[in-house]
Amino acid sequence: MTELTADDLRERWYQSEVSVPPISYWSVVRRRFLRNKLGVAALIVLILIIAAAVFAPWICPYDPLVGKPADRLQNIFSFSTGHPLGTDEQGRDMLTRVLYGGRLSLLAGFVPTLVAAVVGTIIGTWAGLVRGAVGAILMRIMDMLYAFPAILLAIAVGSSLGAGLSNTIIAVSIVFIPPVSRIAESETRKIVTSEYVEAARLSGASRIRILRTQLLPNVLNEIIVYSSGLVGVAMIIAASLSFLGLGSRPPTPEWGYMLESLQGDIYVVPAVVAVPGIFIFLTSVTFNTASDALREAMDTRLG
Amino acid sequence: MTTAATDAPPILAVDGVTKTFRARAGLHRVRISAVDNVSFTVPAGSTLGIVGESGCGKSTLARVIVGLHRADAGTVRFAGTPLPRRGKRSRTIVEHTQMVFQDPYSALNPRASVGESIGFPLKVQGVPRPDIDRRVNKVLEDVGLHPAYSTHYPHQLSGGQRQRVNIARALVLEPKLVVLDEAVSALDKSIQAQIVNLLLDLQSGYDLTYVFISHDLNVVEYMSDQVAVMYLGQVVEFCDASMLYQAPLHPYSQMLLSSIPTLDPTQRAENVLADSGDIPSPLNPPSGCRFRTRCPFAMDICADKAPAMIEARPQHSVSCHLFDREYGDPARIAATKGE
Amino acid sequence: MIQLTLRRLAMAMLILFGVSVVIFLLMNVLPGDPVATLLGPDASNADRLALRHSLGLDKPLPTQYVDWLGRTLTGDLGYSQYRRAEVLSLINAAWVNTAILAGFSALFGLVAGVALGFAAGARRGKVVDKVISTFGMAGLSIPSFFVAIILLTFFAARWRWLPAGGTSLSGAGQGGLGEFVRHLIMPVVAGSLVTLAITARVTRASIVEAYQADFVETLRAKGLTGLQILRHVFKNALSPVLTTSGLQIGYLLGGSVLIETIFQWPGIGLLLYNAIEARDLVVVEGTTLVIAGTFVLINLLVDLLQAVIDPRQRYALA
């Protein structure tokens, strides 16, 4: 055996230490998410629902708006007549309507969440950075909006704007902005005083640069986790507004509105009436499950 | 350890620095005096240790020195140039004064790779890309990490490795002055020793001046040429490190030193000074001498008049009435002269 | 403690003021002309101007707001042309019913939620935990109006066990306690499902976290039995549960619009729904104000209660 020099030892130590491949934060998150079977299953179902809704015009052989009155109120599993989920009170194919309706319901889930995430992050980060009077006033306005129960604020805004899906989307966006900006604000405050931002300031970086490279990536992390849980809530609020007659207007199918208009036939074909409700539930539950899994995967406490 | 080059011009001169924070307690606005009228100089190439209990203003002072906080009064001079009270610090000062932070975990951006974190100051200063890579690799090797670590993320590293990365980030601009704020306190003892020795190696290699802040007296003694003892925002004793550890003058310094566990049984009985109370709130510091509420030798004068810095011995200043000719303890004064 | 109370009270007043501004703006600035609604499309321009003037709508907005706030504070919430009644008297007649429904829903949702969450948290990772967690996730994701429809289908329509709607308190149907409870069951279950689910989730998370705290280790070392430890854990886990319960009562009040509509429960929610249908904005304004105001006051109470129970909160809130 040959004598090892100090440099050889050092080299070996380096080799063994560095054999760990670099893993970025997001690859850790992905790996941890994929390990969560329930979360992955939820994500797959969710992707199937979204894809079916998006591609509804190419999948569905029926017209979502016009049906054959002769075929009205067929029960579910009417495979012989070609209506696996039955038909509604006007003889329209339920599967077609549910998939078309999913486009609006998913839109009503995604758009407000996205709008609130963007606007809320801007407001919250701004308020957390400038402090002072402007920040305080912004956050107090958010507190005031937050003082409304979510669905009540949505109803108030919706009834003031009038019925219609776009108004519902505006209403739900307004409801979501306050909680998002609160999170962005508290997260910003926490990060601004962190030592890595101090280190960045020490290197003479401008405020904008620190905002872009140090602050935003870390604030967005929290926002992503929180917002992912909002999509399901947004869908339920939008469906509730439709159910109350404040959401999408007939004849455009939307899950909440479909449930409302079918309500009268619940004694005839209860299973058909339940279809839109089940879809709201299924989408919302998969969203929430996937969001929980994402939260667990992202809360890596890695630093 | 390098010895203080006494004839060189001071690289850092802190003169009468005061920092007060405004805060709210209940409905009242209050002022917290974090650093109060602190002055000292640090010769180039030496290490100044600053010791004191937590909350004594050490970290605030560190941030004032590097310019993260602006002093309310007094000046900080770097190699003769005063730090601007407001506005941007000049590029020379940015490049030449850096800081290593206490917490190896929160001092690194979790979303940035090691190379990005270390290269960030270079990027800000407009260094071209290939030069950044080269300098990052070099500084990584200098702190004892393989250059391959530059693609790693903080969560993959141990506490000691993270602190090496923090040190590398401070050194990459090749500064003259590095403020180490409790830089080894959060580490395990064995890692602490490695990092302390690394810091000493780097000091000679990079020709650095350190301000080494810690509550750990043993490490400060090992690292420092001179030591400042801080209590509630004020420097109460300033002298050579060896002098402080052999013959501390201020009752607070004596109390701190007697609290160090020692293995030498002959030293144990000496200098045992019981701690007589908690640190008063910086919101409402005691009148006169701030230490008097815990001081076993407190006199009437201590409540009325704040003691001034007195050079009780050559190169050894203390802020205590016990060493004052007018009010002091003649035996103590004689003892200092007798040496 | 007194200082804290005063401070929170001042904060609540400020928020109430903001709430009133938000509602006023929603009802007065956003599109939709109350004059056109009142007079119909055939009215002449002169009539419109006259009505605008008599309603004070030609004054500048801040003046309108101050007038409105002044009237509101003296209890004058306006007159509903549609219902031919004072808004305040409509709300007065309705709020007891809403308080009963929301009160029982809160009681049921919170008690059952804490119990389930506690059971899941104490048996973390076991079958009980998995069943309860799944149930909690489902309860969170299901729209309350869908639950209501399902309940109605089976319990009212198919099996005829429970009345489909209304309350035994008003009108002729005075059936004593039994009848009162029978009317209450379905609205309470449908309305409190989300509350139950959220409370269970929060309680579970809070119990699990409390179990990981250092003090549990100390208790174990002291030789306390599992049950004794559980008691300590429960006490420490209560605070987040209390926080969420304040919010939950607010959601119940907001959700009452749906539940009361479906079950024809004559409360504020049903009043609001009917007002929305008829575009009766005065009533929408009044009911929204009352619900939001109640929500603010309940959260104030919860905050103060929390400060009494958990001394740490006193510092956190101050």
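None of the values given here were measured: they were computed from a predicted structure. (Residues numbered from 1 in each chain as written. Chains lettered and ligands numbered in written order. Predicted model: local features only at pLDDT ≥ 70, side-chain atom pairs only at ≥ 80, totals over all residues.)

Draft legend 1. Layout of the packing of helix H10 (residues 226-262) of chain C against helix H12 (residues 281-309) of chain C. All names here are of chain C. For the pair H10 and H12, the least separation of the axes is 9 Å and the interaxial angle reads 170°. Relative to H12, H10 is oriented roughly antiparallel. Packed against H10, whose contacting residues are Ser-239, Leu-242, Thr-243, Ser-245, Gly-246, Ile-249, Gly-250, Leu-253 and Gly-254, the element H12 presents Ile-291, Thr-294, Phe-295, Ile-298, Asn-299, Val-302, Leu-305 and Gln-306 at the interface. Split by residue class, the contact of H10 with H12 holds 8 nonpolar, 9 polar and no charged. (Axes fitted to C-alpha atoms, helices over the stretch in contact; angles between N-to-C directions. Helix = DSSP H or I, 4+ residues; strand = E, 2+ residues; numbered from the N terminus. Parallel < 35°, antiparallel > 145°, perpendicular 65-115°, else oblique. Contact = placed C-beta atoms within 7 Å. Nonpolar A, V, L, I, M, F, W, Y, C, P; charged D, E, K, R; others polar.)

Draft legend 2. Summary view of the interface of chain A and chain B. Contacts between the two partners involve 26 residues from chain A and, on the opposite side, 31 residues from chain B. Counting only elements with at least two residues in the side of chain A that touches chain B, the list comes to helix H1 (6-18), helix H9 (195-202) and helix H10 (207-228) of chain A. Element by element, the count of residues in the side of chain A that touches chain B is highest for H9(A), at 7 residues. Looking at the side of chain A that touches chain B residue by residue, the class counts come to 13 nonpolar, 8 polar and 5 charged.

Draft legend 3. Summary view of the interface of chain C and chain A. Contacts between chain C and chain A engage 38 residues on the former and 37 residues on the latter. Where the side of chain C that touches chain A is concerned, the elements lending two or more residues are helix H1 (2-28), helix H6 (127-141), helix H7 (144-158), H10, helix H11 (268-277) and H12 of chain C. Residue contributions to the side of chain C that touches chain A peak at 8 residues, all from H10(C).

Draft legend 4. Structural view of the confidence of the model for chain A. Put simply, chain A has an average pLDDT of 83, and 91% of its residues get 70 or more. Per-element mean pLDDT across chain A ranges from 58 in H1(A) up to 92 in helix H3 (residues 37-54) of chain A. (pLDDT = per-residue confidence, 0-100.)

Draft legend 5. Broad picture of H7(C). For H7(C), spanning 15 residues, the distance from its first C-alpha to its last is 20 Å, which sits close to the expected 21 Å at 1.5 Å a residue. Most pronounced at C:Leu152, the bend in H7(C) amounts to some 30°. Of the residues making up H7(C), those classed as buried are C:Ser144, C:Phe145, C:Phe146, C:Val147, C:Ala148, C:Ile149, C:Leu151 and C:Leu152. Residues of H7(C) that are buried make contact with helix H11 (230-243), helix H12 (255-262) and helix H13 (270-298) of chain A together with helix H8 (176-212) and H10 of chain C. Once H7(C) ends, the next one or two residues include C:Arg160, with phi positive near 55°. (Expected span 1.5 Å × (residues − 1). Bend = angle between axes of the 7 residues up to and from the residue. Buried ≥ 20, exposed ≤ 12 C-beta atoms within 10 Å, placed from the backbone.)

Draft legend 6. Representation of the nonpolar core in the model. One finds A:Ala154, A:Ile237 and B:Val211 to be the most contacted residues of the largest nonpolar core, which totals 251 residues. Considering each element in turn, this core owes the most residues, 14 residues, to helix H5 (residues 94-130) of chain A. (Core = buried A, V, L, I, M, F, W, Y, C linked by C-beta atoms within 7 Å.)

Draft legend 7. View of helix H5 (residues 87-122) of chain C. Spanning 36 residues, H5(C) covers 49 Å between terminal C-alpha atoms, matching the ideal 52 Å at 1.5 Å per step. The principal kink in H5(C), of about 35°, is found at C:Ala94.

Draft legend 8. Inspection of the sheet that holds strand S12 (residues 316-318) of chain B at higher detail. Residue and element names in this part refer to chain B. Pairing within the open sheet is mixed, and its 8 strands lie in the order S6-S7-S8-S3-S9-S10-S12-S11. Since the sheet does not close on itself, it has two edges, and those belong to strand S6 (97-100) and strand S11 (310-313), each with one partner. Strand-to-strand twist across the sheet, computed as the mean angle between neighbouring axes with direction ignored, equals 20°. Sheet analysis places strand S9 (residues 226-231) next to strand S10 (residues 234-240), joined by 6 bridges and oriented antiparallel. Across the sheet, Tyr-231 pairs through a bridge with Gln-234, a residue of S10. Against the sheet, helix H1 (residues 58-66) makes contact with strand S3 (47-51), S6, strand S7 (177-181), strand S8 (209-214) and S9, and its axis sits at roughly 160° relative to S7, the strand it touches most. (Pairing = 2+ DSSP bridges.)

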